[in-house]
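Next come the chains, spelled out residue by residue.
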Amino acid sequence: MNQKMGKASVKPDNPVYILNSASVVGTKEGDGPLGLLFDKVGEDDMFGCKTWEEAESSLQKQAVGLALDKAGLVPEDISFIFAGDLLGQSIATSFGISSFQIPLLGMYGACSTCGESLLLGTMAVAGGFADRVLTVTSSHFASAEKEFRFPLEYGNQRPLSATWTVTGSGAFVLSNTEGERSRARITGITTGKIMDYGLKDSMNMGACMAPAACDTIYWNLKDFGRRPSDYDKIITGDLGSIGRQALIDLLNEKDVDIAGQHMDCGIEIYDAKEQDTHAGGSGCGCSAVTLSAYVLKKIEEGTWKRVLFVPTGALLSKTSFNEGQTVPGIAHGLVIESCG
């Protein structure tokens, strides 16, 4: 039986293996520091489509197809797919992966969706409900701007606290058995809860999400009886430079110092000096493609043996913002270890 750990965590009796994964990104991401690591970089951000939303659907379709091919599997080998995006009614997902005809469980955790889908996929496999599942998430800069802020044609100004939504999709194949070249294994999960510190600035999502990241990291350490140094890296999804400092300060108030271990996907994916992304990257594609292309590579190489992966999400919409509501946050944690 899988073991409940403390308040919010679970340690599977047997690890869940990441058999393989894939990352597909846009041109800006391809020009960034991780550009050479992604499986596919689009020639342009329309990906041969007529609309931004169709382009995001194409991202998911390509990522799922690549992940299956790399794992040597076909859609019939997958029991469930856990998938989501940032758009209303998850249209990037529903139009993107319908052709695979895999039973679908739709996810929405804002920018934490990569973590949520991996967490629930792990539960399904570890609980014996599936031998193999696939998880996929995506975001697109232009479709997200239309959904949450203003269409690009409006030309609105972005404050320095704002992050840049990553155009990208990451897909992962999870299994209850280790493959010949499994990339890593998931050995623990920590489910986050909604944290709301009353912030209302939708252009400073890093600060809005930092309390949720703080809470999930704190409970993961407490539930598993670990210290920050027990992880080679503690990796958040898209706090950016402002959210990173807020997270470190909040954890210091709890006498937890992660400064030496912390890494943020939103900081790693862009060159802050050259790419004009202000506070960094965001979007649920941000943590997904960085995990697939960069984090798992470091684990495979043996550079990192164990990491805590904590994608973060800001739970807002244009409606809630225009009605004066706050911007709550959520974050989910996964303990990912090498197979060696």
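See above for the structure.
Given the structure is predicted, the values throughout are model-derived calculations rather than measurements. (Residues numbered from 1 in each chain as written. Predicted model: local features only at pLDDT ≥ 70, side-chain atom pairs only at ≥ 80, totals over all residues. Heavy atoms only, no water.)

**Concerning the overall build of the chain**
Moving on, step 1. Per the secondary structure count, the chain includes 10 helices and 17 strands.
Moving on, step 2. Computed over its C-alpha atoms, the radius of gyration of the chain comes to 18 Å, within 12% of the 20 Å expected for a compact globule of 340 residues.
Moving on, step 3. For the C-alpha atoms alone, the extent of the chain along its principal axes is close to 55 × 50 × 35 Å.
Moving on, step 4. For the chain, buried positions account for 59% of its 340 residues.
Moving on, step 5. Restricting to contacts in the chain with at least 6 residues of sequence separation, those with at least 24 account for 78%.
Moving on, step 6. When the accessible surface of the chain is split by element, carbon and sulfur atoms take 49% of a total near 13700 Å². (Helix = DSSP H or I, 4+ residues; strand = E, 2+ residues; numbered from the N terminus. Rg over C-alpha atoms; globule rule 2.2 N^0.38 Å. Buried < 20%, exposed > 50% of the residue type's maximum accessible area, 1.4 Å probe, protein only. Contact = heavy atoms within 4.5 Å. Areas by Shrake-Rupley, 256 points an atom, 1.4 Å probe, with all protein chains shown as cover.)

**Notes on unusual backbone geometry**
Moving on, step 1. Notably, Asp276 is not glycine yet its phi reads approximately 55 degrees, a positive angle.
Moving on, step 2. Along the chain, the position of Asp276 falls in the loop between helix H8 (265-268) and strand E13 (281-282).
Moving on, step 3. Look at His278: it is not a glycine, yet its phi comes out positive at around 60 degrees.
Moving on, step 4. In this fold, His278 is placed in the loop between H8 and E13.

**A closer look at the pattern of salt bridges**
Moving on, step 1. In this structure the tally under the stated criterion is 7 salt bridges.
Moving on, step 2. With its nearest N and O atoms 3.3 Å apart, the salt bridge here joins Arg306 to Glu337. Taken together, the residues span a long stretch of sequence, with Arg306 in strand E14 (residues 306-310) and Glu337 in strand E17 (residues 333-337) at a distance of 31 residues.
Moving on, step 3. The class of Arg306 is partly exposed, set by a relative accessible area of 22%.
Moving on, step 4. For Glu337, a relative accessible area of 12% corresponds to the buried category.
Moving on, step 5. Among the ionic contacts, a cluster of salt bridges with common partners joins Arg185, Arg306 and Glu337. (Salt bridge = Lys/Arg side-chain N within 4 Å of Asp/Glu carboxyl O.)

**Re the environment of Asn20**
Moving on, step 1. Along the chain, the position of Asn20 falls in strand E3 (residues 16-25).
Moving on, step 2. A residue is classified by how much of its surface remains accessible, and Asn20, at 13% relative accessible area, is buried.
Moving on, step 3. Separated by 186 residues in sequence, Asn20 and Gly206 have C-alpha atoms that sit 30 Å apart.
Moving on, step 4. With residues near it in sequence (within four places) discarded, Asn20 still touches Ala67, Lys70, Ala71, Ala171, Phe172, Val173 and Arg183.
Moving on, step 5. Polar contacts involving the side chain of Asn20 include one to the main-chain carbonyl oxygen of Lys70, which spans 3.1 Å. (Polar contact = N/O pair within 3.5 Å; in protein donor to acceptor, adjacent residues only side chain to side chain.)

**Regarding the environment of Phe129**
Moving on, step 1. Relative to the assigned elements, Phe129 resides in the loop between helix H4 (113-126) and strand E7 (132-139).
Moving on, step 2. For Phe129, a relative accessible area of 65% gives the class exposed.
Moving on, step 3. Considered as a pair, Phe129 and Ser79 are 50 residues apart in the sequence and their alpha carbons are 8.7 Å apart.
Moving on, step 4. Other than its neighbours up to four places away in sequence, Phe129 contacts Phe80, Met123 and Ala124.

**Describing the packing of helix H2 (residues 52-71) against helix H5 (residues 141-148)**
Moving on, step 1. H5 packs onto H2 with a crossing angle of 130 degrees between their chain directions and a minimal axis gap of 8 Å. Taken together, the axes of H2 and H5 lie oblique to each other. When the axes of H2 and H5 are compared, the crossing they make is left-handed. Contacts from Trp52, Glu53 and Glu56 in H2 reach Ala142, Ser143 and Lys146 in H5. (Axes fitted to C-alpha atoms, helices over the stretch in contact; angles between N-to-C directions. Parallel < 35°, antiparallel > 145°, perpendicular 65-115°, else oblique. Left-handed = near helix turned anticlockwise from the far one by under 90°.)

**Some remarks on the side chain of Ser90**
Moving on, step 1. Within the secondary structure, Ser90 is located in the loop between strand E5 (80-84) and helix H3 (91-96).
Moving on, step 2. Take Ser90: its relative accessible area is 18%, and that puts it in the buried class.
Moving on, step 3. In this view, Ser90 contacts Asp85 and Met107; residues no more than four positions away in its chain are not counted.

**A look at the packing of aromatic side chains**
Moving on, step 1. Applying the stated criterion to the full structure yields 2 aromatic pairs.
Moving on, step 2. Look at Tyr218 and Trp219: their rings are 5.4 Å apart centre to centre, the planes differ by 85 degrees, and that puts the pair in the edge-to-face class.
Moving on, step 3. Taking relative accessible area as the criterion, Tyr218 reaches 24% and is therefore assigned partly exposed.
Moving on, step 4. When the ring of Tyr294 is compared with that of Trp304, the centres are 5.8 Å apart and the planes differ by 90 degrees; the resulting orientation is edge-to-face. Residue Tyr294 is found in helix H9 (residues 284-301), and its partner Trp304 is found in the loop between H9 and E14; the two are separated by 10 residues along the sequence. One exposure class covers both Tyr294 and Trp304, and it is buried.
Moving on, step 5. Lying across the ring of Tyr218, Lys254 places its NZ or CZ 4.8 Å from the centre. (Phe/Tyr/Trp six-rings, centres within 6.5 Å; stacked < 30°, edge-to-face > 60°. Lys NZ or Arg CZ within 6 Å of the ring centre and 35° of its normal.)

**So, the nonpolar core**
Moving on, step 1. Val295, Phe309 and Ile336 are the most contacted members of the largest nonpolar core, which has 41 residues in total.
Moving on, step 2. Mapped by element, the contributors of at least two residues to this core are E3, H4, strand E9 (168-175), strand E10 (184-190), H9, E14 and E17.
Moving on, step 3. Looking at which element gives the most residues to this core, the answer is H9, with 9 residues.
Moving on, step 4. Every residue in contact with Ile336, bar those within four places of it in the chain, is listed here: Ile18, Ala184, Arg185, Ile186, Leu291, Leu296, Ile299, Lys305, Arg306, Val307 and Phe309.
Moving on, step 5. Ranked by size, the runner-up nonpolar core spans 26 residues in total, among them Met195, Ile217, Leu221 and Leu247. (Core = buried A, V, L, I, M, F, W, Y, C linked by side-chain atoms within 4.5 Å.)

**Looking at H9**
Since there are 3.6 residues in each turn of an α-helix, residues three or four apart along the chain are aligned in direction.
Moving on, step 1. A rise of 1.5 Å per residue sets the reference length of H9, with its 18 residues, at 26 Å; its end C-alpha atoms lie 25 Å apart and thus fit the reference within 8%.
Moving on, step 2. In H9, a bend of some 45 degrees at Leu291 exceeds every other bend along the element.
Moving on, step 3. Within H9, 14 of the 18 residues are buried, which leaves it mostly tucked inside the rest of the structure.
Moving on, step 4. Following H9 by one or two positions, Gly302 has its phi on the positive side, about 90 degrees. (Expected span 1.5 Å × (residues − 1). Bend = angle between axes of the 7 residues up to and from the residue.)

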